[in-house]
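So you can see what is in the structure, the chains are spelled out below.
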Amino acid sequence: MGDTTVDPRRRIPRTDAVLADPRIAAAIPRLGRGPVKAAVVAAQQRARAGEIAPGDVAAAALEALPSSPGGLRPVLNATGVVLHTNLGRAALSASAVAAVAAASGHTDVELDLATGRRARRGRGALAALAAAVPDAGGVHVVNNGAAALVLAATALAAGREIVVSRGELVEIGDGFRLPDLLESTGARLREVGTTNRTSYADYAEAVGPDTGFVLKVHPSNFVVRGFTRAVEVAGLGGLGVPVVADIGSGLLAPDPLLPDEPDAATTLRAGADLVIASGDKLLGGPQAGLLLGTAELVERLRRYPLARALRVDKLTLAALQATVAGPETPTWQALRADPDALRSRTEEVAARLPGAEVVTSVAVVGGGGAPELELPSWAVALPEAWAEPLRLGDPPVVGRVVRGRLLLDLRCIAPERDADVVAAVAAVGMR
């Protein structure tokens, strides 16, 4: 008769035995031996603690493995916010994704293949930007919009003054404020006007020998109405100093859908010497800071020592070029999604989910752009309690909770992924 007093923990499989399991072994080339082994050891610890049976160690380890070696999980954005900062803002186009994959190995990022000599870094992306904004005499790219502003402030105004309206000293997100960012460069702020009214005379009286430049900031994430006055870029000519315009959201040319959003081409024609914009907002590309302006000024910034610390990598350059020169981006498509087509898709999804309801919805741009623009939309309404399990599902589906209901807006989800939404919701409903 066998010994029934043997501690079941002795039956926990050895690490090498679990790693030899075909399901576990198949994950090593994709995720690396270290993370896979760590998942196995964690599963063994759970078995020792009595949380799982010894025979379930391999399955538990497999379940704990990350779906992506990079750690970031792809998410289905059903929030109705096109440029959701917490979800990485702009989704790259298929063209940009292919460009990133092509640039992932060795590339000619700084090599002229014809001569075998060093070439201008990112020349393809820069040429695409220059072609898209011919009003710019020079273009340069750094790693985000804040970096572009820091480079301009450091190169043009360190130890000097930046003249800026009080009404444009905004908070740019995550607790970071424009005054703090600018003063960290060694520049001094010369605030002019009041919160709601600034005139040309305010700027003219402040400009002097210590002025590095006049800064215009588009307050992209809020609107001030009522008794207000502001001086546009076109009204700042004749001050005798450079005019730097931070337009924020990254339109390169006018867009009829976004009449209140400034664009680079128009701002340059209005008289700005330098325009700063983001690449991962309305442009629909990767995170990047775009600098477009006079040839002399952009070259001065490009050659400034800090520019080296702020340069972008080859993957960003590849994605940016494909975005600027390529087909319509997912951002462009989501902003223009036909409400009738959205309603049909929403009804089809809801019809496959018992208890789901189709409701009218309002989508927004997000990412600090066009704060007053509302996009008519539709959504699948579900119980609020389903929000968390959907976020924790595979794939995660992120919606928004409104008045005690979870709303799933399909605007930012490709039609071919509707079935994934149905499967994710159905899995939660079966629990």
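Here goes a summary of the coordinates provided. (Residues numbered from 1 in each chain as written. Predicted model: local features only at pLDDT ≥ 70, side-chain atom pairs only at ≥ 80, totals over all residues. Heavy atoms only, no water.)

A short note on the overall build of the protein
Scanning the protein from terminus to terminus reveals 18 helices and 18 strands. Referenced to the eigenvectors of the C-alpha coordinate spread, the extents of the protein come out at roughly 100 × 55 × 40 Å. Counting only residues that meet the buried cut, the protein has 45% of its 431 residues in that class. Sequence-distant contacts in the protein: of pairs separated by 6 or more residues, those separated by 24 or more amount to 72%. Approximately 21400 Å² of the protein is accessible, and the part contributed by carbon and sulfur atoms is 53%. Separation of charge centres in the protein, based on 45 positive and 47 negative side chains, amounts to 6 Å. (Helix = DSSP H or I, 4+ residues; strand = E, 2+ residues; numbered from the N terminus. Buried < 20%, exposed > 50% of the residue type's maximum accessible area, 1.4 Å probe, protein only. Contact = heavy atoms within 4.5 Å. Areas by Shrake-Rupley, 256 points an atom, 1.4 Å probe, with all protein chains shown as cover. Lys, Arg positive; Asp, Glu negative; His and termini not counted. Charge placed at Lys NZ, Arg CZ, Asp CG, Glu CD.)

Remarks on the sheet that holds strand β11 (residues 243-248)
Here we have seven strands laid out as an open sheet, ordered β5-β13-β12-β11-β10-β6-β9, and mixed in their pairing. Of all strands in the sheet, those with a lone pairing partner are β5 (138-142) and β9 (188-192), marking the two edges. Strand-to-strand twist of the sheet, defined as the mean angle between neighbouring strand axes without regard to direction, takes the value 25°. Pairing of β11 with strand β12 (residues 274-278), which is carried by four bridges, proceeds in the parallel orientation. Looking across to β12, one finds that D246 is bridged to I276. (Pairing = 2+ DSSP bridges. Axes fitted to C-alpha atoms, helices over the stretch in contact; angles between N-to-C directions.)

Considerations on unusual backbone geometry
Leaving glycine aside, a negative phi is the common case for residues, and trans is the common case for peptide bonds. With an omega of 5°, the peptide bond between D394 and P395 qualifies as cis. Relative to the helices and strands, P395 resides in the loop between α17 (387-391) and β16 (397-398). If you check the backbone angles, R403 has positive phi at about 50° while not being a glycine. Its place among the elements puts R403 in the loop between β17 (400-402) and β18 (405-408).

Points about the environment of R33
Relative to the elements of secondary structure, R33 occurs in helix α4 (residues 33-48). A sequence separation of 32 residues divides R33 from L65, and the C-alpha atoms of the two residues are 11 Å apart. Ignoring anything within four residues of it in the chain, the contact list for R33 reads L19 and I28.

Here we look at the environment of V364
Within the secondary structure layout, V364 lies in strand β14 (residues 357-366). Sequence spacing of V364 and L83 is 281 residues, and the spatial spacing of their C-alpha atoms is 8.4 Å. Leaving out residues up to four positions away in the same chain, V364 has contacts with G80, V81, V82, L373 and L375.

Digging into the pattern of salt bridges
Applying the stated criterion across every chain yields a total of 20 salt bridges. The residue E110 makes a salt bridge to R121 at a minimum N-O spacing of 2.7 Å. Of this pair, E110 sits in the loop between α6 (94-102) and β3 (111-112) while R121 sits in the loop between β4 (117-118) and α7 (123-132); the two residues are 11 residues apart in sequence, bridging distant segments of the chain. Classification of E110 by relative accessible area gives buried; the value is 18%. (Salt bridge = Lys/Arg side-chain N within 4 Å of Asp/Glu carboxyl O.)

Overview of the packing of helix α8 (residues 145-157) against helix α12 (residues 295-302)
Put simply, α8 and α12 touch, their axes get as near as 10 Å, and they point 100° apart. Put simply, α8 runs roughly perpendicular to α12. Residues L151, A152, A155 and L156 of α8 form the contact with α12, whose participating residues are L297, R300 and L301. A class-by-class count of the residues in the contact of α8 with α12 yields six nonpolar, no polar and one charged. (Parallel < 35°, antiparallel > 145°, perpendicular 65-115°, else oblique. Nonpolar A, V, L, I, M, F, W, Y, C, P; charged D, E, K, R; others polar.)

Some details on the packing of α4 against helix α5 (residues 57-64)
In the contact formed by α4 and α5, the axes pass within 8 Å of each other and the chain directions differ by 130°. Compared by their axis directions, α4 and α5 come out oblique. Handedness of the crossing formed by α4 with α5: right-handed. Between α4 and α5, the contacting residues are A39, V40, A43, Q44, R46 and A47 on the first element and V57, A60 and A61 on the second. Split by residue class, the contact of α4 with α5 holds seven nonpolar, one polar and one charged. (Left-handed = near helix turned anticlockwise from the far one by under 90°.)

What about α7?
Among the residues of α7, those classed as buried are A125, L126, A128 and L129. Viewed along the axis of α7, the buried residues span an arc of 160°, placing them on a single side of the element. Buried residues along α7 sit in contact with β5, β13 (289-293) and α14 (314-325). (Arc of directions from axis to C-beta.)

Here's the deal with the pairing of β14
Regular strands place side chains that alternate from one sheet face to the opposite one. Relative to β14, strand β2 (residues 81-83) is paired through two bridges, and the arrangement is parallel. Bridging from a neighbouring strand, V81 pairs with V364 of β14. In this sheet, strand β15 (residues 375-383) lies alongside β14 in antiparallel orientation, the contact comprising seven bridges. Bridging from a neighbouring strand, E357 pairs with A381 of β15.

Remarks on the sheet that holds β15
The strands that make up a sheet pair up through hydrogen bonds in the backbone, lying either parallel or antiparallel. Taken in spatial order, the five strands of this open sheet run β2-β14-β15-β18-β17, and their pairing is mixed. One side of each edge strand has no neighbouring strand; the edge strands of this open sheet are β2 and β17. On average, each strand axis in the sheet is inclined to that of its neighbour by 45°, with strand direction left out of account. As paired elements, β15 and β18 share four bridges and run antiparallel to each other. Bridge pairing in β18 places A381 opposite L407. Across the face of the sheet, helix α16 (residues 339-351) comes into contact with β14 and β15 while running at roughly 10° to β15.

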